Amino acid sequence: MATLRVVLALCALATAVCAYQPVPPGVVPLATFDGEKGTTWSWRLVNDPVMGGISKSTFNVDESGMQMNWKGEVKIVPKLAAPGFCNLETNTLLVNKANDARGTTHLLLRVKTSSPEYAGFKVSAAARTLNPQFASFKSNFTVPVGNNWTTVAVPWTSFSNDWSPFTGNCDTKDPTGKQHYCCSEEHPNVCITPADLKAIEQLGLWTEGVSGNFTLDIAWIGAGNMSALNAVTTPESEASEHNMTCSGPVQDTLRFNVTGLLAQDFLPLPALAKETLTEAVCCDSYFAPFAEPPNFFALPSIDMFSRLSKTQVNTFYDPVCGVPVFRAPVNRSFQDFEADTREHTWPSFREGEVTEHVTVRDDGTVVSSCGTKLGTYLPDSQGSRWCIDLVCIAGNPTN
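Draft legend 1. Highlighting the sheet that holds strand S16 (residues 348-349). Reading across from one edge, S16-S20-S19-S18-S17 is the order of the five strands in this open sheet, with antiparallel pairing throughout. Edge positions in the sheet fall to S16 and strand S17 (358-360), since each has one partner strand and no second. With three bridges joining them, S17 and strand S18 (residues 365-368) adopt antiparallel strand pairing. Considered in S18, the bridge of Val-358 is made with Ser-368.

So, in structure tokens, the structure goes:
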């Protein structure tokens, strides 16, 4: 621990040259690039040209910075008239399997990108299968704006081994008519199990289902038990790093059943005692690089779209001061609004759905007129897009 503190101190003094991103205590390391036995894998590319596509990518392992750098371009497959894929995966010739991840709640990726607008990042984990590439468990993830190192937390419950070979997603129907299913109470057979988490034999990174250029730097991949990792009250020495930037306290009662949800159950870093997810994501500068988990809006206990009107425009409010921040759907159907949100795994708003109480900072952070962080501005091929955290727009109107 003393050595780790020295390394981090040196990095703080020389951030321009020190790229080392150690796996923090409490995280089960699954893949690193530091030469450590049991977590240092060999990696290989499987791009779609082997299947008639024209997508391409390259990677290299930077041993000095103990990280892997991956970049490329996903292109439209002419025969399918749809985007192809790039895949970077561990070589299954490694005799030892990954560390036992049983008891953890999230897959964690320490990453950064200069292409946060790319919406096709996915991660996979294979276990107990003779076809680790295409019978793996897979989930989408998004990297925040800023080109800074950040820890992306992907709940194991968002992984499914019933994903489409055409899109990489678990909620789409193939041209053949086959419907795919995500992990849920209705389809538990596609969920990753404790037995799988004990026997992970391959990890994969994907850019799939969305055309465009991408870059991704990876420092490590791990697994963490969010409740156990964060349940301990933040030490006083670290509490000073938590700065609440909202104009006041979060409302006592919020919409969409998010009232009282604790940050420690959803985020990969220690939270303040009894700090709610809304306080952490929307107000706490310590968690500025973080968002609520992908597909949070679709959790059975939340189920945002079941709580919205399908025939009228729905208004979303700031959870602190209650001003209206988004209205949807506008100039599109309810079905289009839902499809856009499910595709990007966070509530997604377009031109005409943003109120005068919303602004975008130079770094892409979306904030309300009373200083609440709402999400990130991430335009895509369809135009402007506001990628928003549901907990930050779950407020009630005030006079």
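Draft legend 2. Quick look at the nonpolar core. Counting 42 residues, the largest nonpolar core has Phe-256, Met-304, Phe-316, Phe-326, Phe-349, Leu-374 and Ile-393 as the members making the most contacts within it. Only helix H5 (277-283), strand S15 (324-328), helix H6 (334-344) and strand S20 (386-388) provide two or more residues apiece to this core. Of all the elements, H5 adds the most residues to this core, at five residues. Those residues in contact with Phe-256 that sit more than four places away from it in its chain are Ser-301, Ile-302, Met-304, Arg-307, Leu-308, Phe-316, Leu-390, Ile-393 and Ala-394. Grouped together as the second largest cluster of nonpolar side chains are 36 residues, Leu-30, Cys-86, Val-152 and Ile-192 included.

Draft legend 3. Expanded view of the state of the cysteines. Counted under the stated rule, the structure contains five disulfides. The disulfide partner of Cys-170 is Cys-182, and the S-S distance across this bridge is 1.9 Å. Its S-S torsion of about 90° marks the bond between Cys-170 and Cys-182 as right-handed, since a negative value means left-handed. Taken together, the residues Cys-170 in the loop between strand S11 (150-155) and helix H2 (194-198) and Cys-182 in the loop between S11 and H2 connect sequence positions twelve residues apart. Relative accessible area serves as the criterion here: at 12%, Cys-170 is assigned to the buried category.

Draft legend 4. How the structure looks around the packing of aromatic side chains. If you walk through the whole model with that rule in mind, you get 23 aromatic pairs. Measuring from ring centre to ring centre gives 6.0 Å for Phe-134 and Trp-163, while their planes differ by 35°; the resulting arrangement is tilted. Of this pair, Phe-134 sits in the loop between strand S9 (121-127) and strand S10 (137-140) while Trp-163 sits in the loop between S11 and H2, and the two are 29 residues apart along the sequence. Among the residues examined, Phe-134 registers a relative accessible area of 32% and is labelled partly exposed. Ring centres of Phe-297 and Phe-305 lie 5.8 Å apart, and the angle between their planes is 85°; on these two criteria the pair is classed as edge-to-face. Across the pair, exposure class does not vary: Phe-297 and Phe-305 are buried alike. Aromatic ring contacts, followed pair by pair, group Phe-256, Phe-297, Phe-305, Phe-316, Phe-326, Phe-334, Phe-337 and Phe-349 into a single cluster. The ring of Trp-163 has Lys-138 lying over it, and the distance from NZ or CZ to the ring centre is 3.4 Å. Here the basic side chain of Lys-138 rests over the ring of Trp-206, its NZ or CZ set 3.4 Å away from the ring centre.

Draft legend 5. Region of interest: the pattern of salt bridges. For the structure on display, the rule yields ten salt bridges. As a salt-bridge pair, Arg-332 and Asp-340 come within 3.0 Å of each other at their nearest N and O atoms. Here Asp-340 falls in the buried class, since its relative accessible area comes to 5%.

Draft legend 6. Fine view of the side chain of Asn-47. By the secondary structure assignment, Asn-47 is in the loop between strand S2 (43-45) and strand S3 (56-62). With a relative accessible area of 13%, Asn-47 lands in the buried category. Setting aside residues up to four positions removed in sequence, Asn-47 forms contacts with Ser-55, Lys-56, Ser-57, Phe-85, Cys-86 and Asn-87.

Draft legend 7. Quick peek at H6. Of the positions making up H6, those classed as buried are Phe-334, Phe-337, Asp-340, Thr-341 and His-344. The arc that holds the buried residues of H6, viewed along the axis, is 130°, so those residues lie on one side. The inward-facing, buried residues of H6 contact strand S14 (314-317), S15 and S16. A positive backbone phi angle near 70° is found at Thr-345, which sits one or two residues after H6.

Draft legend 8. Spotlight on the environment of His-180. You can see His-180 is positioned in the loop between S11 and H2. The buried category is assigned to His-180, whose relative accessible area is 3%. Placed ten residues apart in sequence, His-180 and Val-190 show a C-alpha to C-alpha distance of 9.7 Å. Residue contacts for His-180: discarding those within four places in its chain leaves Asp-162, Trp-163, Ser-164, Pro-165, Asn-169, Cys-170, Asp-171, Thr-172 and Asp-174. Polar side-chain contacts of His-180 include one of 2.8 Å to the side chain of Asp-174.

Draft legend 9. The arrangement of the pairing of S10 in detail. What you see with S10 is no split at all: Phe-137 and Ser-139 on one side and Lys-138 and Asn-140 on the other are buried throughout. With four bridges joining them, S9 and S10 adopt antiparallel strand pairing. Bridging from a neighbouring strand, Ser-124 pairs with Lys-138 of S10.

Draft legend 10. The arrangement of the sheet that holds S10 in detail. If you walk across this open sheet you meet the five strands as S2-S7-S12-S9-S10, and the pairing is antiparallel. A single partner strand is all that each edge strand has here, and the edge strands are S2 and S10. The mean angle between the axes of side-by-side strands here comes to 20°, regardless of whether they run parallel or antiparallel. In this sheet, strand S12 (residues 200-208) lies alongside strand S7 (residues 85-90) in antiparallel orientation, the contact comprising five bridges. Bridge pairing in S12 places Glu-89 opposite Gly-204.

Draft legend 11. Spatial organisation of the confidence of the model for the protein. In the predicted model, the protein carries a mean pLDDT of 85, and the fraction of residues at 70 or more is 87%. In this model residues 1-18 is a low-confidence stretch, pLDDT under 50, and it forms seven contacts with partners more than four residues away in sequence or in other chains. Scored below 50 in pLDDT, residues 227-239 makes 23 contacts in the model with residues more than four places away or belonging to other chains.

About the criteria used
- Residues numbered from 1 in each chain as written.
- Predicted model: local features only at pLDDT ≥ 70, side-chain atom pairs only at ≥ 80, totals over all residues.
- Heavy atoms only, no water.
- Pairing = 2+ DSSP bridges.
- Helix = DSSP H or I, 4+ residues; strand = E, 2+ residues; numbered from the N terminus.
- Core = buried A, V, L, I, M, F, W, Y, C linked by side-chain atoms within 4.5 Å.
- Buried < 20%, exposed > 50% of the residue type's maximum accessible area, 1.4 Å probe, protein only.
- Contact = heavy atoms within 4.5 Å.
- Disulfide = S-S within 2.5 Å.
- Phe/Tyr/Trp six-rings, centres within 6.5 Å; stacked < 30°, edge-to-face > 60°.
- Lys NZ or Arg CZ within 6 Å of the ring centre and 35° of its normal.
- Salt bridge = Lys/Arg side-chain N within 4 Å of Asp/Glu carboxyl O.
- Arc of directions from axis to C-beta.
- Polar contact = N/O pair within 3.5 Å; in protein donor to acceptor, adjacent residues only side chain to side chain.
- Axes fitted to C-alpha atoms, helices over the stretch in contact; angles between N-to-C directions.
- pLDDT = per-residue confidence, 0-100.

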